[in-house]
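Coordinate analysis (summary)
The lines below spell out each chain.
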Amino acid sequence: MYKIVRRRELNPTVTQLEIEAPLVAKKAQPGQFIILRVDEDGERIPLTVAGTNPEEGTVKIIFQIVGGTTNLLNHKMEGDSLHDFVGPLGVATHIEGLKKVCIVGGGVGCAIAMPIAQALHAQGCHVTSIIGFRSQDLLILEDEFKACSDTLHVMTDDGSYGRHGNVTVPLKEMLEAGETFDEVITIGPLIMMKFVVLTCKPFNVPCTVSMNPIMIDGTGMCGGCRLTLNQDGKKVTKFACVDGPDFNGYEVDFDEAMSRGRMYADFERHAYEETCNLFNK
Amino acid sequence: MAIDPKKHEMPTQAPEVRAHNFKEVALGYSAETAVAEAARCLNCKNQPCVQGCPVNVHIPEFIAKIKTGDFEGAYQEISLSSSLPAVCGRVCPQESQCESKCTLGIKFEPVGIGRLERFVADYHNENCKEAPVAPAPNGHRVAIVGSGPSGLTCAGDLAKKGYKVSVFEALHTAGGVLVYGIPEFRLPKAIVAKEVEGLKALGVDVEPNVVIGKTLTIDELFEEGYEAVFVGSGAGLPNFMNIPGEAYKGVYSANEFLTRSNLMKAYQDSPITPIMKGGKVAVVGGGNVAMDAARTALRLGAEHVYIVYRRSMEELPARKEEVEHAIEEGIDFQLLNNPVEILGYNNPENPRDPMNGFVTGMKCIKMELGEPDAKGRRRPMPIEGSEFVLDVDTVVMAIGTSPNPLIKATTKGLEVNNHGGIIVNENGLTSRENVYAGGDAVTGAATVISAMGAGKVAAKAIDEALSAK
Ligand SMILES: Cc1cc2nc3c(=O)[nH]c(=O)nc-3n(C[C@H](O)[C@H](O)[C@H](O)COP(=O)(O)OP(=O)(O)OC[C@H]3O[C@@H](n4cnc5c(N)ncnc54)[C@H](O)[C@@H]3O)c2cc1C
Ligand SMILES: Cc1cc2nc3c(=O)[nH]c(=O)nc-3n(C[C@H](O)[C@H](O)[C@H](O)COP(=O)(O)OP(=O)(O)OC[C@H]3O[C@@H](n4cnc5c(N)ncnc54)[C@H](O)[C@@H]3O)c2cc1C
Ligand code: SF4
Ligand code: SF4
Ligand code: FES
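Below is a summary of the structure that appears in this document.

Reading the values: rules and limits
Residues numbered from 1 in each chain as written. Chains lettered and ligands numbered in written order. Predicted model: local features only at pLDDT ≥ 70, side-chain atom pairs only at ≥ 80, totals over all residues. Heavy atoms only, no water. Helix = DSSP H or I, 4+ residues; strand = E, 2+ residues; numbered from the N terminus. Rg over C-alpha atoms; globule rule 2.2 N^0.38 Å. Buried < 20%, exposed > 50% of the residue type's maximum accessible area, 1.4 Å probe, protein only. Contact = heavy atoms within 4.5 Å. Areas by Shrake-Rupley, 256 points an atom, 1.4 Å probe, with all protein chains shown as cover. Lys, Arg positive; Asp, Glu negative; His and termini not counted. Charge placed at Lys NZ, Arg CZ, Asp CG, Glu CD. Near = heavy atom within 4 Å. Polar contact = N/O pair within 3.5 Å; in protein donor to acceptor, adjacent residues only side chain to side chain. Buried area = accessible area lost by both parts, 1.4 Å probe. Salt bridge = Lys/Arg side-chain N within 4 Å of Asp/Glu carboxyl O. Nonpolar A, V, L, I, M, F, W, Y, C, P; charged D, E, K, R; others polar. Core = buried A, V, L, I, M, F, W, Y, C linked by side-chain atoms within 4.5 Å. Pairing = 2+ DSSP bridges. Axes fitted to C-alpha atoms, helices over the stretch in contact; angles between N-to-C directions. Parallel < 35°, antiparallel > 145°, perpendicular 65-115°, else oblique. Left-handed = near helix turned anticlockwise from the far one by under 90°.

With that settled, the discussion passes to the overall build of chain B. Assigned secondary structure in chain B consists of 18 helices and 16 strands. Expected size for 469 residues packed as a compact globule is a radius of gyration near 23 Å; at 23 Å, chain B falls within 12% of this value. Referenced to the eigenvectors of the C-alpha coordinate spread, the extents of chain B come out at roughly 75 × 65 × 50 Å. The burial tally for chain B puts 56% of its 469 residues in the buried class. Sequence-distant contacts, at least 24 apart, represent 70% of the contacts inside chain B between residues at least 6 apart. Carbon and sulfur atoms make up 52% of the accessible area of chain B, which totals about 19,900 Å².

Shown next as structure tokens:
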């Protein structure tokens, strides 16, 4: 069992937990993730490691309540325990040698991007961050990003906070103004990452995306997390849990990934309503 | 007394009943039937059956004990060579192993060795309540990677000798393929759980949720004081055919389909982990994995289930009994067929149509068997212009696996062959000092009994190496 040491609500739909998992805390690198089960017989869901405290033996996760299992997780309080917590999984984000990077995060994707921005900052890299949200009440981690970015752009879709517009607006302006980056690293909804890649393309900036397909084991056993890359005109199948979650954005077949991500949409809506009913009783 | 030419039948649930539940299909022998079946054994001097068993179970001896009604004695006799008789009695491909060599088989049906083994093991599990006692510790520590049959066997053999053993398992439940792959209706999970409990009673630590190579590396295990490591990490990543349409929604690997159903319990009425239920299902492949996926799909409520296999009935690599059971249950065998494309729904007028991207069919081409290849297997060749479309909504690919590179990539000096299998010598020792390996991680997908055998061999070698220290 893995104990919840601290719990903090970042906004009405996003919660941060710190969990006792000393082995994971010792090992996890930015970009890696864990898989947890809330209860016995629960679903296995992947969440990114948002930070670690190796001395204390704790791992930070930040999650958005989108369905049944994240809803269940959100009802666990400090002192409660999670049944399973395994990691760190996946390949850490490649940051060695990067001197000037633009991080583009969208929504809860900002939680996944944050430890990467922090690690880049810590190695002396020049970090420009663009974080975007639908509206002000969904804003998270602004202070954390301020602390690790040389420049920070906060965007909201409805203009209720920061600048009005989506994350590609400042990115495009910078690139058009002749700004250069060793790499653009983007994490967020698939559709957002797809447009970030399209924005980067005319400028030939390397662009890394963090993919989050539906997973089960996370160890390369089931093949459920597969996605298709176009490498030199050839289609190549990769498994996000062992080969990723980071991929070269120019190679990823986003349309396919978006379609596959909706495979269980009906089922999920149902499961969500059921857990909501459970907690409303 | 004349010998009964036929094996005693093992009672099963009726096909039309069992096709809709996940309870065990075969019900096992009664004591009377077991004794009667044992009476068919000729107790041959040269014991050909023993040669057919990969771990050389003392077959005539245990059968002789059944004849006299000494079922517990029979169990002890099997235990000398096998640690998972309740499992192997159920899942060994006896027709190509022990029973294939049985003298009786020359003229009649062979002795039902597997069924007898199962009976004896079930008898023991039901009647013997004595918990194993942990022996006095000998002060040595061994780490096992993976809790499949190879890892569990290696752990058990060492624990019985007083070693302090820790089993590290990546998933949340121990048992490997026995829990996530082979379905309940063929191997009840309670049997596997009992084996694991037995190990714990011997003092073995079973640590779930630890991925070796990620959470801890093999080198770190040595730093922590383990003196030897056994790697039994299994067969690895599922293969796909690399045909168009494999990314459509409704295309699964057999590992994913079976894991969702078995390990994640998606077979329950209101499961927490989703799976596609119902509709028409095509399973591609002809091994045990394909049979299990097809019969699971049927039990999940499919209207119609096809097995699509590119060779003919004779070449089907699955256990004979599973093929027979599948036919009885109404699985539709589309033999000498090979998929060439998976078709999906696409509504160009409405990109938000929720049916977009779901499977609507699988295009296959008919095959014929050509000249035998080097291994004597006749090569299937496509018949030009014979394409047709099977109307299905779910496709399950059961066409094998490729080794998971995780452990090799994180363990310096661990050599693998060009298929990615870990290279070992006859004692299971790898190219790294004190690192042993066995089971599917070495051989590629094989059998429970051979994985178990490899665990035993390595345990013996580890004991010899460490006790000489
Ligand atoms: C490597 C990886 C890292 C991730 N890191 C984080 C993280 O740090 N914080 C976070 O909030 N979420 C993260 N996710 C997504 C998270 O796993 C899903 O939100 C979660 O599984 C949803 O479970 P549920 O039962 O609550 O919702 P479900 O009922 O399963 O789904 C509800 C909605 O979420 C969508 N969804 C389902 N699974 C995923 C998925 N894997 N990725 C994206 N959307 C999904 C569904 O299409 C549906 O619209 C990550 C996913 C992956 C693969
Ligand atoms: C669906 C199906 C049906 C089958 N039917 C039969 C049958 O009827 N008869 C028969 O004889 N054989 C059958 N087999 C084959 C048989 O199950 C395997 O050959 C056998 O289980 C191999 O045992 P193993 O110990 O090598 O590995 P596995 O049983 O594969 O176990 C390996 C374990 O190691 C874990 N692991 C992997 N990597 C790591 C890591 N890095 N760190 C920690 N843990 C790790 C895995 O999660 C897994 O639990 C079947 C296989 C399948 C998939
Ligand atoms: S272990 Fe398998 S092969 Fe050996 S005797 Fe038993 S059933 Fe036959
Ligand atoms: S070969 Fe057959 S008949 Fe002879 S001892 Fe073995 S099981 Fe009995
Ligand atoms: S989640 Fe199963 S292979 Fe990646």
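A count of helices and strands for chain A gives nine helices and 16 strands. Here the C-alpha atoms of chain A give a radius of gyration of 18 Å, agreeing with the 19 Å that 2.2 N^0.38 yields for 281 residues. Counting only C-alpha atoms, chain A reaches 55 × 40 × 40 Å along its principal axes. In chain A, 64% of the contacts between residues at least 6 apart in sequence involve partners at least 24 apart. As presented, chain A carries roughly 11,900 Å² of accessible surface, and 50% of it is formed by carbon and sulfur atoms. Chain A carries 26 positive and 37 negative side-chain charges, and their two centres are separated by 3 Å.

Residue and element names in this part refer to chain B. With respect to spatial proximity, 35 residues lie near ligand 2, and among them V91, S150, E169, R186 and D440 are the closest. V448 is positioned such that a nitrogen or oxygen atom in its backbone is 3.0 Å from an oxygen atom of ligand 2. When the free accessible area of ligand 2 is taken as 1,000 Å², the share hidden by the protein chains comes to 94%. Among the elements of the structure, α9 (149-160), α14 (288-299) and α18 (448-467) are those that each provide at least two residues to the shell around ligand 2.

All names here are of chain A. Taken together, 22 residues are adjacent to ligand 1, and P46, I62, Q64, T70 and N212 come closest. Side-chain polar atom of T70 to an oxygen atom of ligand 1: 2.4 Å apart, as the coordinates give it. The protein chains hide 83% of the 850 Å² of surface that ligand 1 would expose on its own. Where the shell around ligand 1 is concerned, the elements lending two or more residues are β4 (45-53), β5 (58-64) and α2 (68-74). No other element matches the four residues that β4 contributes to the shell around ligand 1.

On the side of chain B, 42 residues touch chain A, which itself brings 39 residues to the contact. The junction of chain A with chain B conceals about 3,400 Å² of combined surface from both sides, 58% of it contributed by carbon and sulfur atoms. When residues of chain A are sorted by the area they lose upon contact with chain B, M221(A), M263(A) and Y264(A) head the list and together hold 18% of the total. The interface formed by chain A and chain B contains two salt bridges. The shortest N-O distance in the salt bridge between E220(B) and K27(A) comes to 2.5 Å. Between chain A and chain B we count 18 residue pairs in polar contact (both at pLDDT 80 or more) in total. Looking at the side of chain A that touches chain B, the elements that each hand over two or more residues are α1 (22-27), β7 (84-89), β14 (226-231), β15 (234-239) and α8 (254-261) of chain A. For the side of chain A that touches chain B, a count of residues per class yields 16 nonpolar, 12 polar and 11 charged.

In this structure, V184(A), V196(A), M211(A), F254(A), M362(B) and V395(B) are the most contacted members of the largest nonpolar core, which totals 55 residues. With six residues, the top contributor of residues to this core is helix α6 (residues 190-200) of chain A. Beyond its immediate sequence surroundings of up to four residues, V196(A) is in contact with V104(A), V167(A), T168(A), L171(A), V184(A), T186(A) and C207(A). With 50 residues, the next largest nonpolar core counts C222(A), V50(B), F62(B) and I191(B) among its residues.

Moving on, we come to the pairing of β5(A). Along a regular strand, successive side chains alternate from one face of the sheet to the other. All names here are of chain A. Within β5, five of the seven residues are buried, which leaves the element mostly enclosed by the surrounding structure. Bridge analysis of strand β2 (residues 14-20) against β5 gives seven bridges, and the strand direction is antiparallel. Bridged to Q16 within β5 is I62. Where β4 and β5 come together, four bridges link them in antiparallel fashion.

Scanning the model with the defined rule gives 38 salt bridges over all chains in all. As a salt-bridge pair, K265(B) and D41(A) come within 3.1 Å of each other at their nearest N and O atoms. Here the residue K265(B) occupies a position in the loop between α13 (254-261) and β7 (280-284), and D41(A) occupies one in the loop between β3 (33-37) and β4, the pair thus bridging two chains.

In terms of burial, α13(B) is largely enclosed, as eight of its eight residues are buried. Buried within α13(B) we find A254(B), N255(B), E256(B), F257(B), L258(B), T259(B), R260(B) and S261(B).

Looking now at the packing of helix α2 (residues 31-38) of chain B against helix α4 (residues 59-67) of chain B. Residues and elements named next belong to chain B. At a closest axis distance of 8 Å, the pairing of α2 and α4 adopts a crossing angle of 130°. Classified by the angle between their axes, α2 and α4 sit oblique to one another. Once α2 is placed against α4, the crossing between them reads as left-handed. Together, A34, V35 and A38 of α2 and I63, I66 and K67 of α4 make up the contact between the two elements. Here the residues of the contact of α2 with α4 are counted per class, giving five nonpolar, no polar and one charged.

These results come straight from atomic positions and should not be treated as a statement about function.
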